[in-house]
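# Reading the structure
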Amino acid sequence: MKLPNIQSILFHLARFVAAVIIAQTLFFKFSGSNESKFIFSTLGMEPWGRYGLAVLESFCVLFLLNPSFVWFGSLLSLNLMLGAILSHFVFLGIVVQDDGGLLFFLAIVVFLLSCYLFYVERKKVPYLKEYLD
């Protein structure tokens, strides 16, 4: 799909911002930072949930950076961030270990960017595109 220039810039900016936000959290999950261990212990998912989600988020980054699979990366990250947001509301609270709500805010940003990206790429989704034409 050919987008007008400003829309193209916004689309690529959204892809890269979402990918960078997800990618920077991977270091903390894979290295076992105290904050990551606290979060996943609170959720009852330490350590395998932390590693599993880090692997899924790695795939999100790869798919978001691959122009052919942005639709899949955005759909996957949208769902993962929805889980993160719900985890904050139900189990963790908005502020986790005095982070000022930064992790919650970043999850909201990635969720909104992923919604935008999926909307733009919706006609590339197999089986869905035949209903949108």
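This structure is a prediction, so every number in the text was calculated from the model and none was measured.

### Structural notes on the packing of helix α1 (residues 5–31) against helix α5 (residues 102–121)
- As a packed pair, α1 and α5 sit with axes 9 Å apart at the nearest point and diverge in direction by 140°. Put simply, α1 runs oblique to α5. Helix-helix and strand crossings are classified by hand; for α1 and α5 the assignment is left-handed. Contacts from Gln-7, Leu-10, Phe-11, Ala-14, Arg-15, Val-17, Ala-18, Ile-21, Ile-22 and Gln-24 in α1 reach Leu-106, Val-109, Val-110, Leu-113, Tyr-116, Leu-117, Val-120 and Glu-121 in α5.

### A look at a nonpolar patch on the surface
- A cluster of nonpolar side chains, namely Phe-30, Trp-48, Tyr-51, Val-55, Leu-56, Phe-59 and Leu-62, defines an oily patch on the protein surface of about 720 Å² accessible area.
- By residue number, the principal contributor to the nonpolar patch is helix α3 (residues 48–65), which donates 6 residues.
- Along the chain, Leu-62 falls in helix α3.
- The class for Leu-62 is exposed, based on a relative accessible area of 56%.

### Things to note about the environment of Arg-15
- You can see Arg-15 is positioned in helix α1.
- A sequence separation of 55 residues divides Arg-15 from Val-70, and the C-alpha atoms of the two residues are 7.7 Å apart.
- If we skip the residues at most four places from it in the chain, Arg-15 touches Leu-64, Leu-65, Asn-66, Pro-67, Val-70 and Leu-117.

Cut-offs and rules
- Residues numbered from 1 in each chain as written.
- Predicted model: local features only at pLDDT ≥ 70, side-chain atom pairs only at ≥ 80, totals over all residues.
- Heavy atoms only, no water.
- Axes fitted to C-alpha atoms, helices over the stretch in contact; angles between N-to-C directions.
- Helix = DSSP H or I, 4+ residues; strand = E, 2+ residues; numbered from the N terminus.
- Parallel < 35°, antiparallel > 145°, perpendicular 65-115°, else oblique.
- Left-handed = near helix turned anticlockwise from the far one by under 90°.
- Contact = heavy atoms within 4.5 Å.
- Patch = residues over 30% accessible without salt bridge, like charges linked within 9 Å, V, L, I, M, F, W, Y side chains within 5 Å.
- Areas by Shrake-Rupley, 256 points an atom, 1.4 Å probe, with all protein chains shown as cover.
- Salt bridge = Lys/Arg side-chain N within 4 Å of Asp/Glu carboxyl O.
- Buried < 20%, exposed > 50% of the residue type's maximum accessible area, 1.4 Å probe, protein only.

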